[in-house]
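Chain by chain, the residues run as shown.
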Amino acid sequence: MGNRKIGQRRLVILGNGGAGISAISAIRSVDPLASIVLVSSENSYAYSPVALTHYIARELNREQLFITDESFYKSNRVETYFGRKAIELSPKDQSIRIQGKITVHYDKLLIATGASPLLTADYRNAKVLALRSVSDADMIKSCLCRSNKAVILGGGLVSLQVADALSKLGVSITVLVSSNQVLSRNVDSFVASIVQERMRGAGIRVQLGTNVVSVEGRKESTYLTLDTGQTLSSPLVISGKGMQPNLLEGPLSKDKDMSVDNRMQTPLENVYAAGDVCVGMHVISNQLGHVGNWPNACDQGWVAGCNMAGANVEQEGFLNQNITKLFGLELGSIGLFEPPSGGGFEVIKWSDESRHIYRKIVLKEKRIVGATLVNNIDGAGVIRNLILKKGQLSALSPQGTVERFSLGNPLRYHPMYHLV
Amino acid sequence: MAKMVIFDAKKCIGCKICELICSFSNTKEFGISNARIRNFIDLQEAVFFSLTCVQCKDPLCLKVCPSHALYQEDGVIKIQSTKCIGCKLCMLTCPFGNMHFDDERGVAIKCELCGGNPKCVEYCPTGALRYQEIETVALEKQKTLFAKLKETYLESRAVWETEK
Amino acid sequence: MTKKEIPTKVLEIDLSSVKGTINIVDRDIQQAFIGGFGIGVKLAYDHIEPRLNPFDPRNPIIISAGALGGTLVPSSSRVAAITKYPLTETVGMGNGSMSLSQKLRAAGFDHLVISGKAEVPSVLRIFDNKFELLDARDLWGKDLYETTDSIWDRFGNDWSVLAIGQAGENLVEISMALIDKIASIGKGGLAAVMGSKNLKAIIANGTHPVPISDPDRFLSAVDAFYQRFKTIPNRDEFIDVGVYWKWDKSMEEGFPMRGGNEVFSKEKATELYGKDVYLGKVKKGRAGCPSCPMPDKEIMEVKEGEFKGLTTYASGFVGRAWNYGIKCGVGNYDRVLKVHDRANRLGICSHAFSSLYDFAVMLFEKGRIDLKDTEGVKLKRDFETTQKVMEMTAFREGFGDILARGYKALFDRFGEDLKADALQAKGMDMLYEPRLNRLGAKTFIMVVNPRGGQHQPGTTPADSLGRTVDDFRAYCKTTGVSKDATNRIFDGPMKVNMARLAKHSQEFYSIMCSLGICSKAPMGPLYSLDDCAELYSSASGVELSPSDLKQAGERIWNLYKMINVREGFGKADDQFPHKWLIPMKGEEGERPLMDYFETKHLTMEDLQKLLGDYYDECGWDQETGVPTKGKLEELGLYEILGVENG
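Residues numbered from 1 in each chain as written. Chains lettered and ligands numbered in written order. Predicted model: local features only at pLDDT ≥ 70, side-chain atom pairs only at ≥ 80, totals over all residues. Heavy atoms only, no water.

A few words on the sheet that holds strand E11 (residues 172–176) of chain A. An order of E9-E16-E10-E11-E12 (chain A) is seen for the 5 strands of this open sheet, with the pairing classed as parallel. Looking along the sheet, the strands with just one partner apiece sit at the ends: strand E9 (128–129) and strand E12 (205–207) of chain A. (Pairing = 2+ DSSP bridges. Helix = DSSP H or I, 4+ residues; strand = E, 2+ residues; numbered from the N terminus.)

Now the structure itself:
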């Protein structure tokens, strides 16, 4: 059981995504001798979903997507099981049953199986596609060979990134959004309106407040019926309506069970989780939830790996953070984009309309709790770090007042002032 | 112990020569947006300082790059531009804001110490920039540098610290 | 091998219609006028209609970044502002520094030609190939520092800001603008011209890199210069204390006071405003312009007393001490800083105001003007009165309205005979005193400078006392003075003919201002003509040999002169102050007007002869003081301007 010596520990990682491969590097940085086993449902080397839209937009070829190769697993001495899904977790005998009737034993386990697009059987049968994996991207690309038209469901980041990629290819696009703005989970209505304007300017049809009532696949197209009564059809329909975690059968089979502490430990002894699959404490809202993004996955995988290998590393907490270019607009969004109701919050805005720049910082009792940056991402990393470290704004400006805080001047929030 | 470019706030005069030579060495043109070192000025407080990559021993940027374009060689963090997809996650991650972007080429750029002979240090007219070793490890490296900066800053500007 | 030639871009803006046009300067013009000041002069020739009222919307403001602006060339941040200046009614070039040149080029432009008048108070914003006229009604009425801070808070402090204070808004003719709160530009009323255009500030920023035609050759030239630069002794001291590193030398010359009649006590000067005071009570920090390794700007803070905490800026504390402490008698360093701070905020030129005030007090003391003339203000050299009169000047109230319009207004109001007692040229105060500094090129040129009483075109080794003839020979060599000219300069009992030398220094100054390189010591004197030619050719891709460059310098200065001839200026305006002939009273005896090497006391006859020498050296007419047709032909001006020889 746990009686093996440190150097002979058997550390098993489920998932070859950002969390998984970060964990491998972390483990090796702590313990060169532990044995590492990697199980991945995908039969490919590791890649980041961040790169997939670049691949779709033909900015990258397929080979360029992969960030590991054979030598990565070899030099890190990882025993690999590719193309095998992990099915059931048996904590009593510290084992995992994987596809192919194989049982893998662990001393420490990392569940980093990620998440999959939320797509019901109806939608799948109606040939609606999603974008998460490289094979998803391959599917979309092959559809594009036959069609120059697409309908995208959802106004979230993934949907808009796909729309952006397709618009670069000259595809005629319609985006259907349930809520009354795009990016309803990332930006406020003002920024959303800027994005919407850009989209429309690029010839994309954006329909807000619209839901799909039913879908049907006929011949080579998908037919959609909307709550407005309209019907749309398109040979290519892509849905970006959220993810669901890839859970294992066993004691952690429910979403809420997969919660981790700041050492990435689940409620089960010797079992860790990292990445999109798990639920953790949001560093700002102090609420438990999924915060699935690549930086979080890498960070969490690293922390999990270190701890599995015997080090003692803590993570600051989960944080929503994105930086993306959409329709020529540079958009960075970290933490809270709108203060919740209730007191104690303050919002500082700065804009330069002629240069299409907009920056918004949300503060709570002089701490930065969120930032939205449009077309000027100066100091994005500084702000992000301050959010994570719960940096005090009063320490930032020599004048000590929030009113004199000028967002145009990076000096004012430079880490030099927020220190040690 | 790797050498790094360190900064003496008492000596900086805000002449921007570091930015100018950095930009020129890398692009043969003078454009601050192409400089891997940035100079900041607060005229009122008479504080000037330059900041460039502190070559973290445990770099956050490297860990987050989705195309593994960032790598570490002899303690220096470098970018393989051909792999960079221009996602800017490294810029979102660097806690000091020391990652920059070449808009023309669409790739991230950062200080790579000019192959061991940093030009900003060579051209700095006052010796505010020096290239030397610092005896700390991991993230402590950054903290020490900034603790030094803060100390220097506060030393020379003791007045405002006591005024609320 | 075809070299890449870097184009020079001009943005012409009409504030009335808010329309702009972008033009590229013809290669021929670039080759003839280099860049910066030179091309600015050409633009002035094209755009400034003769005999305009300076406040006429048609009077353009031409902002010119040096050809080497925004590059690594040490001390290359100079920017020119050419317009018809109200104080002197000459078409002059004001010169400033800090970040405007760099930022203008980063925005993609080398020159701005701003004419017309904005409908409402506005800020002209230049960035990335575009311009914008912003409503600045909320800034109108704010002082210069507040305006700049406001703009920095609004857009970020990486924007270069050229702003005016209330004095400019009120069309005060002794007003000036400040770039980035520190670098003054346009004494003689640039700010007033801006005020007449409803232009509160000009701001610039951008992301365009400044390209270099031949980067390797360019860097070699820069590095070669740097090697020479590193041999300046005691550089650390200059970086630390600025001009105080030669305090003893300044004391040798002394500070004029009491309307230029007396010399201030050296002991008192050191006690009140010397290095100890500066280091202990004034210095907060030093600042420099982009690309300059020898910062000469001061960030000053009053350390104790009534004005504790006051932070202000200047090109040097010594100059302020002289202006307000010695000439206006305001008192200790803290009061000096308080008054200077207010002058900067109002946007009034400290040199001009203090000279005029000192002069007015002298007249008052002599009884030449009385309480009726000053509308009840007892003119005194003290803190309260100086401040009071400064406010009156900035807001054109009572007696201040006369001072606001300078010497000419005083002469106009109280009599032309006052000229005999004044130290001015073409209506502008003279910064240097030849009875103390000796008659070198710097002091001589204040008389003949087309702009007015400004000394910079006369920068030579004579700027400091105690130089040898060899120093001047070396200067002639590095600035490319021909053998024949050299012979003429070193001929005669005064050892160095400063008037003839002035012709060559003004040309070199033209070149330096066209390149945007600072002429001020210690950097300026390090540059040679060869340096300039090499740097310019490798940067721009337009190959100019040292002799081409020197001729271009002459061409530029002659066109500058001709524009002013067109305005009606001639020999009659090149007048030596009569006061120079009256010895000053000093602690160690009298200080009469002498030549640099002190071979003789100079008489008016000597001065007139020197003037003749100057015209002769320039190739200008002795009777009229105007460039001859032959000279203009020689310089190819007729051909280049496409003008008939006539």
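Now, onward.
All right, on to the pairing of strand E4 (residues 79–84) of chain C then. Residue and element names in this part refer to chain C. A large share of E4 lies buried, amounting to 6 of its 6 residues. Both faces of E4 are covered, namely the face carrying Val 79, Ala 81 and Thr 83 and the face carrying Ala 80, Ile 82 and Lys 84. Two strands pair when backbone bridges link them, and strand E3 (residues 61–65) and E4 are joined in this way by 4 bridges, in the antiparallel orientation. Bridging across to E4, Ile 63 finds its partner in Ala 81. Relative to strand E5 (residues 91–96), E4 is paired through 6 bridges, and the arrangement is antiparallel. From the neighbouring strand, Val 79 faces E5, where its bridge partner is Gly 96. What sits between the antiparallel neighbours E4 and E5 is a turn of 6 residues, in which Glu 89 has the positive phi angle 55°. (Buried < 20%, exposed > 50% of the residue type's maximum accessible area, 1.4 Å probe, protein only.)

In this section: the nonpolar core. Counting residues in hydrophobic clusters, the biggest one holds 243 residues, and the most contacted among them are Ile 63 and Phe 317 of chain C. Residue contributions to this core peak at 10 residues, all from helix H14 (residues 350–366) of chain C. Not counting residues within four places of it along the chain, the set of residues in contact with Phe 317 of chain C comprises Tyr 244, Tyr 273, Tyr 278, Val 282, Glu 298, Met 300, Tyr 333, Val 336 and Leu 337 of chain C. Counting residues in each nonpolar core, the second largest holds 140 residues, with Ile 27, Cys 143, Val 369 and Ala 371 of chain A among its members. (Core = buried A, V, L, I, M, F, W, Y, C linked by side-chain atoms within 4.5 Å. Contact = heavy atoms within 4.5 Å.)

Right, let's get into the side chain of Thr 311 of chain C. Considering the arrangement of structural elements, one finds Thr 311 of chain C in strand E18 (residues 311–314). Residue classification places Thr 311 of chain C among the buried positions, given a relative accessible area of 9%. Only 3.2 Å separates the side chain of Thr 311 of chain C from the side chain of Lys 284 of chain C, close enough to count as a polar contact. With near-sequence residues (within four places) excluded, Thr 311 of chain C lies in contact with Gln 44 of chain B together with Lys 284, Ile 299, Met 300, Glu 301 and Asp 341 of chain C. (Polar contact = N/O pair within 3.5 Å; in protein donor to acceptor, adjacent residues only side chain to side chain.)

Under the defined criterion, the tally for this structure stands at 70 salt bridges over all chains. Here Arg 62 of chain A makes a salt bridge to Asp 138 of chain A, at a shortest N to O gap of 2.6 Å. Of the two residues, Arg 62 of chain A is situated in helix H3 (residues 62–65) and Asp 138 of chain A in helix H6 (residues 134–146); the sequence distance between them amounts to 76 residues. For Asp 138 of chain A, a relative accessible area of 24% puts it in the partly exposed group. Between Arg 500 of chain C and Asp 613 of chain C there is a salt bridge, and its shortest N-O distance comes to 3.6 Å. In this pair, Arg 500 of chain C is assigned in helix H22 (residues 498–515) and Asp 613 of chain C in helix H25 (residues 604–618), connecting sequence segments 113 residues apart. Grouping residues by exposure puts Arg 500 of chain C and Asp 613 of chain C together as buried. (Salt bridge = Lys/Arg side-chain N within 4 Å of Asp/Glu carboxyl O.)

One way to see where empty space is left: roll a probe the size of a water molecule over the atoms. Residue and element names in this part refer to chain C. Counted according to the given criterion, the structure contains 10 cavities of 30 Å³ or more. Roughly 190 Å³ of volume is contained in the largest cavity. If you trace the largest cavity, you find 19 residues lining it, with Gly 259, Gly 260, Lys 327, Ser 355 and Leu 423 closest to the centre. Here the lining of the largest cavity takes 3 residues from H14, the largest share from any one element. Across the lining of the largest cavity, the residue classes break down as 10 nonpolar, 3 polar and 6 charged. (1 Å grid on protein atoms, 1.4 Å probe; cavity = no way out; pocket = protein on both sides within 12 Å on 5 of 7 lines; lining within 4 Å. Points joined across faces, edges and corners; volume = space filled by probe spheres on them. Nonpolar A, V, L, I, M, F, W, Y, C, P; charged D, E, K, R; others polar.)

All names here are of chain C. Relative orientation of the contacting elements helix H4 (residues 144–155) and helix H13 (residues 333–346) amounts to 60°, with a least axis distance of 6 Å. Taken together, the axes of H4 and H13 lie oblique to each other. Contacts between H4 and H13 involve Leu 144, Tyr 145 and Glu 146 from the first element and Asp 341, Asn 344 and Arg 345 from the second. (Axes fitted to C-alpha atoms, helices over the stretch in contact; angles between N-to-C directions. Parallel < 35°, antiparallel > 145°, perpendicular 65-115°, else oblique.)

All names here are of chain A. Sheet architecture is open: 3 strands sit in the order E13-E14-E15, paired in antiparallel fashion. Each edge of the sheet is formed by a strand with only one pairing partner; in this case those strands are strand E13 (212–218) and strand E15 (231–234). Direction aside, neighbouring strands of the sheet carry axes that sit 20° apart on average. Pairing between E13 and strand E14 (residues 221–226): 6 bridges, direction antiparallel.

Residues and elements named next belong to chain C. In this sheet, strand E2 (residues 19–24) lies alongside strand E1 (residues 9–14) in antiparallel orientation, the contact comprising 6 bridges. Residue pairing for E2: Lys 9 is matched across the bridge by Ile 24. Counting the residues between successive antiparallel strands, the hairpin from E1 to E2 contains 4 residues, one of them, Val 18, with a positive phi of roughly 55°. Judged from the 5 bridges that link them, E1 and strand E6 (residues 111–115) form a sheet pairing that is parallel. Within E6, the residue paired with Val 10 across the bridge is His 111.

Moving on, we come to the side chain of Ser 77 of chain C. All names here are of chain C. Relative to the helices and strands, Ser 77 resides in the loop between E3 and E4. Of note is the side chain of Ser 77, whose polar atom sits 2.5 Å from the backbone oxygen of Pro 290. Ignoring any residue separated from it by four or fewer positions in sequence, one finds Ser 77 in contact with Gly 96, Ser 97, Met 98, Ser 101, Cys 289, Pro 290, Ser 291 and Gly 516.

The next thing to look at is the confidence of the model for chain A. Predicted coordinates in areas of low pLDDT are best not read in detail. Averaged over all residues, the pLDDT of chain A equals 89, while 91% of them reach at least 70. The low-confidence segment residues 394–420 of chain A (pLDDT under 50) makes 85 contacts with residues lying over four places distant or belonging to another chain. (pLDDT = per-residue confidence, 0-100.)

This brings us to the interface of chain C and chain B. Listed by partner, the interface residues are 39 residues for chain C and 25 residues for chain B. Carbon and sulfur atoms supply 62% of the area that chain C and chain B bury against each other, a total of about 2,500 Å² over both sides. Contact with chain B buries area across many residues of chain C, yet Leu 72, Pro 209 and Lys 284 of chain C alone supply 21% of it, more than any other trio. At the boundary of chain C with chain B, the tally comes to 1 salt bridge. The salt bridge involving Lys 28 of chain B is made with Asp 216 of chain C; its shortest N-O contact spans 3.7 Å. At the boundary of chain C and chain B, one finds 6 residue pairs in polar contact (both at pLDDT 80 or more). Breaking the side of chain C that touches chain B down by element, the ones donating at least two residues are helix H3 (100–106), strand E13 (210–211), helix H7 (215–229), helix H8 (235–241), strand E16 (283–287), strand E17 (297–301) and E18 of chain C. Top contributing element to the side of chain C that touches chain B by residue count: H7 of chain C, with 6 residues. Here the residues of the side of chain C that touches chain B are counted per class, giving 20 nonpolar, 10 polar and 9 charged. Pairing geometry for strand E2 (residues 29–30) of chain B and E13 of chain C, over 2 bridges, is antiparallel. When the sheet's bridge partners are listed, Phe 30 of chain B is paired in E13 of chain C with Val 210 of chain C. (Buried area = accessible area lost by both parts, 1.4 Å probe.)

To continue, consider the packing of helix H12 (residues 317–327) of chain C against H13 of chain C. All names here are of chain C. Running from N to C, H12 and H13 point in directions that differ by 95°, and their axes come no closer than 9 Å. Viewed along their axes, H12 and H13 adopt a mutual orientation that is roughly perpendicular. Within the contact between the two elements, H12 uses Phe 317, Arg 320, Ala 321, Tyr 324 and Gly 325 and H13 uses Tyr 333, Val 336, Leu 337, Val 339, His 340 and Ala 343. When its residues are assigned to classes, the contact of H12 with H13 shows 8 nonpolar, 2 polar and 1 charged.

Bringing the environment of Ile 29 of chain C into the picture now. Residue and element names in this part refer to chain C. For Ile 29, the location among the structural elements is in helix H1 (residues 27–33). Separated by 159 residues in sequence, Ile 29 and Gly 188 place their C-alpha atoms 29 Å apart. Non-local contacts of Ile 29, meaning those with residues more than four positions away in its chain, are made with Ile 34, Lys 42 and Ile 640.

Attention now goes to the packing of aromatic side chains. Working definition: an aromatic ring pair is given by the centre-to-centre distance plus the angle between the planes. Residues and elements named next belong to chain C. Scanning the entire structure with this criterion turns up 37 aromatic pairs over all chains. Ring geometry for Phe 127 and Trp 159: centres 6.3 Å apart, planes at 70°, overall edge-to-face. Linking Phe 127 in strand E7 (residues 122–127) with Trp 159 in the loop between H4 and strand E9 (160–163), this pair joins segments that are 32 residues apart in sequence. The aromatic ring of Phe 238 is capped on one face by Arg 286, whose charged end is 5.9 Å from the ring centroid. (Phe/Tyr/Trp six-rings, centres within 6.5 Å; stacked < 30°, edge-to-face > 60°. Lys NZ or Arg CZ within 6 Å of the ring centre and 35° of its normal.)

This paragraph deals with the domain arrangement of chain C. By a widespread convention, an interface's size corresponds to the accessible area lost as its parts come together. Residue and element names in this part refer to chain C. Taken as a whole, chain C is organised into domain 1 (9–205), domain 2 (235–424) and domain 3 (434–641). If you average the C-alpha positions of domain 1 and of domain 3, the two centres end up 27 Å apart. Note on domain 1 versus domain 3: buried area summed over both sides is about 3,400 Å², and carbon and sulfur give 63% of it. The three residues of domain 1 that bury the most area against domain 3 are Ile 34, Phe 37 and Tyr 45, which together make up 20% of that side's buried surface. Our enumeration of links across domain 1 and domain 3 arrives at 1 salt bridge. Here Lys 84 ties to Glu 567 by a salt bridge, and the two come within 2.6 Å at their closest N and O atoms. Taken together, the elements giving at least two residues each to the side of domain 1 that touches domain 3 come down to H1, helix H2 (36–47) and E5. (Domains from an automatic or database assignment.)

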